[in-house]
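So the chains spell out like this:
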Number of protein chains: 2
Amino acid sequence: MAGSSEPTRVMVAVNESSIKGYPHPSISCRAAFDWMLSKLVRSNAAGFHLLFLHVQVPDEDGFDDMDSIYASPPDFQRMKQRDKIRGLHLLEHFVNQCHQLEIKCEAWIKQGDPKEVICSEVKRVQPDLLVVGSRGLGPFQRVFVGTVSEFCVKHADCPVITIKRKADEAPKDPVDD
Amino acid sequence: MAGSSEPTRVMVAVNESSIKGYPHPSISCRAAFDWMLSKLVRSNAAGFHLLFLHVQVPDEDGFDDMDSIYASPPDFQRMKQRDKIRGLHLLEHFVNQCHQLEIKCEAWIKQGDPKEVICSEVKRVQPDLLVVGSRGLGPFQRVFVGTVSEFCVKHADCPVITIKRKADEAPKDPVDD
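First, a word on what this report is: a plain description of the structure on this page. (Residues numbered from 1 in each chain as written. Chains lettered and ligands numbered in written order. Predicted model: local features only at pLDDT ≥ 70, side-chain atom pairs only at ≥ 80, totals over all residues. Heavy atoms only, no water.)

**Describing helix 3 (residues 114-125) of chain A**
Residues and elements named next belong to chain A. Between its first and last C-alpha atoms helix 3 spans 16 Å; for 12 residues at 1.5 Å apiece the expected length is 16 Å, and the two agree. Within helix 3 the residues assigned to the buried category are Val 117, Ile 118, Cys 119, Glu 121, Val 122 and Val 125. For helix 3, the secondary structure elements touched by its buried residues are strand 1 (8-14), strand 2 (48-56), strand 3 (104-111), strand 4 (129-134) and helix 5 (148-155). A positive backbone phi angle near 50° is found at Gln 126, which sits one or two residues after helix 3. (Helix = DSSP H or I, 4+ residues; strand = E, 2+ residues; numbered from the N terminus. Expected span 1.5 Å × (residues − 1). Buried < 20%, exposed > 50% of the residue type's maximum accessible area, 1.4 Å probe, protein only. Contact = heavy atoms within 4.5 Å.)

**Thoughts on the side chain of Ser 28 of chain A**
All names here are of chain A. Here Ser 28 shows up in helix 1 (residues 27-41). Look at Ser 28 and you get buried, because its relative accessible area is 3%. The contact partners of Ser 28, leaving out residues within four places of it in the chain, are Gly 133, Ser 134, Arg 135, Arg 165 and Asp 177.

**Notes on unusual backbone geometry**
All names here are of chain B. Its identity is not glycine, yet Glu 102 carries a phi of approximately 60°, on the positive side. Given a relative accessible area of 67%, Glu 102 falls into the exposed group. For Gln 126, which is not a glycine, the phi torsion comes out positive at approximately 50°. Residue classification places Gln 126 among the exposed residues on the basis of a relative accessible area of 58%.

**So, empty space enclosed by the protein**
Think of a ball as big as a water molecule: rolled over the atoms, this probe shows where empty space is left. Counted by the stated rule, this structure contains one cavity of 30 Å³ or more. By volume, the largest cavity amounts to about 70 Å³. The wall of the largest cavity is formed by Glu 150, Val 153 and Lys 154 of chain A together with Glu 150, Val 153 and Lys 154 of chain B. Among the secondary structure elements, those contributing two or more residues to the lining of the largest cavity are helix 5 of chain A together with helix 5 (148-155) of chain B. Residues of the lining of the largest cavity, tallied by class, amount to two nonpolar, no polar and four charged. (1 Å grid on protein atoms, 1.4 Å probe; cavity = no way out; pocket = protein on both sides within 12 Å on 5 of 7 lines; lining within 4 Å. Points joined across faces, edges and corners; volume = space filled by probe spheres on them. Nonpolar A, V, L, I, M, F, W, Y, C, P; charged D, E, K, R; others polar.)

**Digging into the interface of chain B and chain A**
With 34 residues of chain B in contact, the opposing surface of chain A contributes 35 residues. Of the roughly 2700 Å² buried between chain B and chain A, counting both surfaces, carbon and sulfur atoms make up 57%. A salt bridge links Asp 128 of chain A to Lys 39 of chain B, with the shortest nitrogen-to-oxygen separation between them at 3.1 Å. At the boundary of chain B with chain A, the tally comes to 10 residue pairs in polar contact (both at pLDDT 80 or more). (Buried area = accessible area lost by both parts, 1.4 Å probe. Salt bridge = Lys/Arg side-chain N within 4 Å of Asp/Glu carboxyl O. Polar contact = N/O pair within 3.5 Å; in protein donor to acceptor, adjacent residues only side chain to side chain.)

**Quick look at the pattern of salt bridges**
All chains considered together, the criterion is met by eight salt bridges over all chains. The closest approach of N and O atoms between Lys 115 of chain A and Asp 113 of chain A, which form a salt bridge, is 2.9 Å. When its relative accessible area of 35% is taken as the criterion, Asp 113 of chain A is described as partly exposed. The closest approach of N and O atoms between Glu 121 of chain B and Arg 124 of chain B, which form a salt bridge, is 2.7 Å. One end of the pair, Glu 121 of chain B, and the other, Arg 124 of chain B, are both in helix 3 (residues 114-125), three residues apart, so they sit about a helical turn from each other.

**Some words on the relation of the copies chain B and chain A**
Of the two same-sequence chains, chain B is brought onto chain A (RMSD 0.1 Å, axial shift 0.0 Å) by a rotation of 180°. What we have between these two chains is a two-fold relation. If distances are taken from each C-alpha of chain B to the rotation axis, the shortest is found for Ile 161 of chain B, at 2.3 Å. Taken as a fraction of all interface residues of chain B, those also at the interface in chain A reach 100%, which identifies the copy contact as same-surface. (Least-squares fit on C-alpha atoms with pLDDT ≥ 70 in both.)

**Observations regarding the environment of Ile 163 of chain A**
With respect to the helices and strands, Ile 163 of chain A occurs in strand 5 (residues 160-164). Put simply, Ile 163 of chain A and Asp 34 of chain A are 129 residues apart on the chain and 10 Å apart in space, counted from C-alpha to C-alpha. When neighbours within four sequence positions are excluded, Ile 163 of chain A is seen to be in contact with Ala 31, Ala 32, Trp 35, Val 131, Val 132, Gly 133 and Ser 134 of chain A together with Pro 159 of chain B.

**Quick word on the packing of aromatic side chains**
All names here are of chain A. Counted according to the given criterion, the structure contains six aromatic pairs over all chains. Between Phe 33 and Phe 94, the ring centres sit 5.1 Å apart and the planes meet at 80°, which makes this aromatic pair edge-to-face. On the criterion of sequence distance, the pair formed by Phe 33 in helix 1 and Phe 94 in helix 2 (residues 73-101) is long-range, its members being 61 residues apart. Judged by relative accessible area, Phe 33 falls into the buried class, the value being 0%. Classification of Phe 94 as buried rests on a relative accessible area of 0%. An aromatic cluster of three or more residues is present, and its members are Phe 33, Phe 52 and Phe 94. A cation sits over an aromatic face here: Lys 115 above Phe 151, 5.6 Å from the ring centre. (Phe/Tyr/Trp six-rings, centres within 6.5 Å; stacked < 30°, edge-to-face > 60°. Lys NZ or Arg CZ within 6 Å of the ring centre and 35° of its normal.)

So this is what it looks like as structure tokens:
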């Protein structure tokens, strides 16, 4: 059979839900993960090695948490520490699932513009396949929201699979995720 | 494990080489097929069911074969018959490989604009995944050549994976395939 002995290395870009917030994974990245398990990995857990990448967008003005007062450098340190912990909780969700299913995996966090960081990490890590979830926005919504998946399909240096969330999973506002 | 008992149905769009012509498969669809076997199907032949679709572009002016003279309706019938046989040879290539690897498959031919037909067949057949090869053209070449893969990523009603041919497999003129 055509499969080599090396497992297929699949990079999965995961992000947080814009509705529920950290540490909940977004609807589309959960959908992409579930689809990949049931349709690609199937019963062949040993054939795949999953690489979870979470890109955190730096909060430039620090105003996402209005109750906080940043009065000294240690305050900012604490904020960064808090973001890191939240990101780890997000990754833990996926790593725990892989552990239960006996699928080998790795997970890491980077900061920056998600679409740029995903493509540069693909260059660095050289996975066999990149999996990205997508909100499946229409052309009008896309102009304002921008889509990471479209950018990756065009620019990532490996095959890319885009998985749209199911229609019945879409929240009231389609730009939410 | 997450795999259901139903095999994953993968539709693979295949076309002929523009260099070698029928019944040789194009560089990109061969690359996509080989990649899929080694990276997704791997040793799990029973987990996948492949659906090969070949879309023939109707030759509107009938001038692709300059040595032929079409003098009567039966001449045109013969031409259509000849195209059908060539298409069958193309599909035979892939079906034979699947047979050797004991992967279940089906194959069929449609006529029309490939990108439109692929998307309408996805609607009709409802595969779990669509695999399309891509020449990996730059933006300048894309404007003139148009890419089936880009259209399918946007419009097909299922997850789509685009697989670019390898750089060392590209012919002298990148629009060849």
